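Fold and geometry: a report
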Amino acid sequence: MGRIRPRFGRAVMLPAAAIMAGVLLSAGNLQATARWMSGPAPPAAQRAPGPAAMKASGRAVAGALSPLPGGPTGPAHPAPRSTRSAVPVRLIIPAIGVDTALEPLGLLSDHTLQPPSRWDTAGWYADGVRPGDAGPAVIAGHVDSTSGPAVFYRLRDLHRGDVVLIRQRTGRTVRFAVDTIETYPKDRFPTARVYGPRPLPELRLITCTGDFDTNAHSYLDNLVVTGLLVT
Amino acid sequence: MNRSRSRAALLVAVAATTLAHPAVLGAASAGAAPSESPAMVRGAHFSPDTPGVDVYLTGFAGGTTHIWLSDVGYGDVSPYRRLAAGTYTVAMRPHGAAASTPAALSWVLKAQPGHAYTTAAVGMNKQLHAIVLSDELTPPGAGDGRVRVIQAASRAPRASVTAVNGPVIAANAAFGTSTPYRTVPAGTWLVGANSLATPKVSTHADLKISPGAVTTIVLLDGKHGGITLRSVVDAAGAAVAPVGAVPGGGGGTAPRPGDPGWWPGAALLLGAMALFGTVVLSGPVHARRPRRPSAAGQ
């Protein structure tokens with residue numbers, strides 16, 4: 001269990017020194033001034049990308065931020081409360097002419113996502129994250145039917161920055177912007193990357209792409225478009 | 001199969017270079033050098049005897065300074081914000097102080113694309129310093145949550161945080177430390193915190209550990225003496241995430257590599273579309289798995 005070990009006193013630190021410390025930090029010379037994790041500190045080389053990593057440099061300027069005269073007084077503000085987004089009912093992607101209702105999807109008995117029941121309508125994973133709430137909200141659509149293009153046929157044409165709109169049942173519209181467009185082989189689908197927890201609202205628009213296996217009646221790849229909430 | 005893939009790639013490359021269609025070129029270069037995803041950052045104030053502060057961010061690249069958080073007080077944890085990946089100076093000033101005044105505390109934040117961070121001022125005022133924590137984004141197992149404790153209660157120099165009839169989440173944690181994440185079965189737990197020093201202080205609270213989510217429990221000095229517990233969600237996901245890939249097509253537009261007449265037809269189609277300026281090939285064009293023109297046309 002590590003204790004905080006300030007390396008600097010309260011001596012005045014010029015902004016230039018702060019910048020210099022930053023340059024040293026960015027060059028890989030971790031000038032950690034305190035320990036903020038339990039257990040022994042790992043070697044510096046392992047510290048930066050680790051999940052409980054700590055890297056900070058700084059010290060207080062004497063007198064610039066005086067202590068509260070009465071000492072600790074408890075939390076300054078009450079803890080914020082979060083509200084849940086309404087159910088999504090429509091998906092609109094102007095850049096590729098998508099304007100579709102959204103059907104709720106569940107999981108099949110093998111825990112894979114149920115495919116949308118119609119070629120021309122997308123679906124959202126209703127037991128997952130609602131679009132607009134923190135985390136990855138999953139929306140799936142077919143790329144084609146057995147005879148021609150389907151609702152997500154042009155998903156591949158999206159670019160970073162393209163707008164994706166979700167209309168909620170309350171009439172509110174939440175706006176996302178495309179961040180990444182990625183293709184994964186279905187047999188190596190990165191479940192953690194696509195479905196793992198996220199701090200802010202994100203969309204995962206998923207369809208099929210790649211080669212079509214005529215024996216399995218299935219495409220070999222998934223196309224995953226990530227949208228980030230625009231605030 | 002591989003041969004036909006490289007042939008398709010070659011076709012696209014030939015169309016792009018000889019016909020020099022702007023849309024095709026744009027797609028190709030976008031695939032070669034994608035810009036980075038942003039990082040996610042939140043700020044927190046964990047110094048019990050330090051008044052409210054304003055927090056500023058200055059990017060090393062560009063160097064513009066802007067106020068990030070205003071009037072952050074002890075115990076506050078801001079929402080996350082997206083931030084272009086890169087290196088920043090975080091500067092703290094007393095709430096209301098002009099941006100031109102010297103920072104009371106400043107530190108460096110290195111934000112990698114797609115990663116999440118919690119950065120905070122910690123310790124008692126006379127030892128005030130900054131920390132940057134990497135926040136976990138890996139999914140917990142089904143029915144579990146991932147939980148860490150930030151021990152920011154000065155009235156408990158050392159404390160344990162335990163779920164009643166459940167796991168010990170933090171053992172003997174010193175004021176000003178944080179624990180690594182650990183797995184806790186999801187649910188609303190009665191969580192107790194006990195100081196191990198004299199005078200003994202303790203508290204308890206019902207805290208929700210959401211399945212599929214990452215949670216930080218914060219131990220703080222109480223409003224009216226003693227200590228108090230709060231929890232904040234670091235990252236949220238589905239309680240039960242789907243497994244594996246997503247089915248999504250009937251194959252009606254899929255190319256049939258076996259068809260004898262497919263290649264000449266595709267070459268003609270691609271050339272004609274590029275010439276007439278109607279090809280919109282978006283996304284990366286890469287050799288391993290090139291996008292093929294579909295039989296249905298585009």
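1. As for the pairing of strand β6 (residues 173-185) of chain A
All names here are of chain A. Pairing of strand β5 (residues 163-168) with β6 involves five bridges; the strand directions are antiparallel. Within the sheet, the bridge partner assigned to valine 164 lies in β6 and is phenylalanine 176. Hairpin connection between β5 and β6: a loop of four residues separates the two successive antiparallel strands, and glycine 171 in this loop has a positive phi of roughly 95°. Sheet topology note: the β6/strand β8 (residues 218-229) ladder contains nine bridges and is antiparallel. Among the inter-strand pairings, valine 178 is bridged to a residue of β8, identified as glycine 227.

2. Remarks on the sheet that holds β5(A)
All names here are of chain A. The sheet built from eight strands closes into a barrel, its strands ordered β1-β2-β3-β4-β7-β8-β6-β5 with mixed pairing. Across the sheet, the mean angle from the axis of one strand to that of its neighbour is 35°, orientation sign disregarded. Alignment of strand β2 (residues 98-105) against strand β3 (residues 122-125), held across four bridges, turns out to be parallel. Paired with leucine 105 across the bridge in β3 is tyrosine 125.

3. Thoughts on the nonpolar core
Across soluble globular proteins, nonpolar side chains show a tendency to be buried alongside one another. Of all hydrophobic cores here, the largest spans 114 residues; its most connected members are Ile139(A), Leu105(B), Leu109(B), Val161(B), Ile217(B) and Leu219(B). When near neighbours in sequence (up to four residues on either side) are disregarded, Leu109(B) contacts Val41(B), Tyr88(B), Val90(B), Tyr117(B), Thr119(B) and Val132(B).

4. Quick notes on the interface of chain A and chain B
Each partner contributes to the interface: chain A provides 100 residues, whereas chain B provides 93 residues. Looking at the side of chain A that touches chain B, the elements with two or more residues in it are α1 (15-26), β4 (135-140), β6, α3 (191-195), β7 (201-213) and β8 of chain A. Counting residues per element, the side of chain A that touches chain B draws most heavily on α1(A), at seven residues. Looking at the side of chain A that touches chain B residue by residue, the classes come out as 54 nonpolar, 31 polar and 15 charged.

Conventions used here
- The residue numbers shown here count from 1 along each chain, following its written sequence.
- Each chain takes a letter, starting from A, and each ligand takes a number, starting from 1, following the order in which they are written.
- In keeping with the predicted nature of the model, local features appear solely for residues at pLDDT of at least 70, side-chain atom pairs appear and are counted solely at 80 or more, and the whole-chain, interface and lining totals rest on all residues.
- Criterion used throughout: strands pair if DSSP finds at least two bridges between them.
- Numbering of helices and strands runs from the N terminus; a helix is a DSSP stretch of H or I covering at least four residues, while a strand is a stretch of E covering at least two.
- Between the N-to-C directions of two axes lies an angle of 0 to 180 degrees, each axis being a line fitted to C-alpha atoms and, for a helix, fitted only over the stretch in contact.
- Only buried residues count toward a nonpolar core: Ala, Val, Leu, Ile, Met, Phe, Trp, Tyr and Cys, linked into one set through C-beta atoms within 7 Å.
- Buried means a residue has 20 or more other C-beta atoms within 10 Å of its own C-beta, exposed means 12 or fewer, and partly exposed covers the counts in between; C-beta atoms are placed from the backbone.
- Throughout, a residue-residue contact means that the two C-beta atoms, derived from backbone geometry, are no farther apart than 7 Å.
- As a working rule, the residues Ala, Val, Leu, Ile, Met, Phe, Trp, Tyr, Cys and Pro are called nonpolar, Asp, Glu, Lys and Arg charged, and the rest polar, with Gly in that last group.

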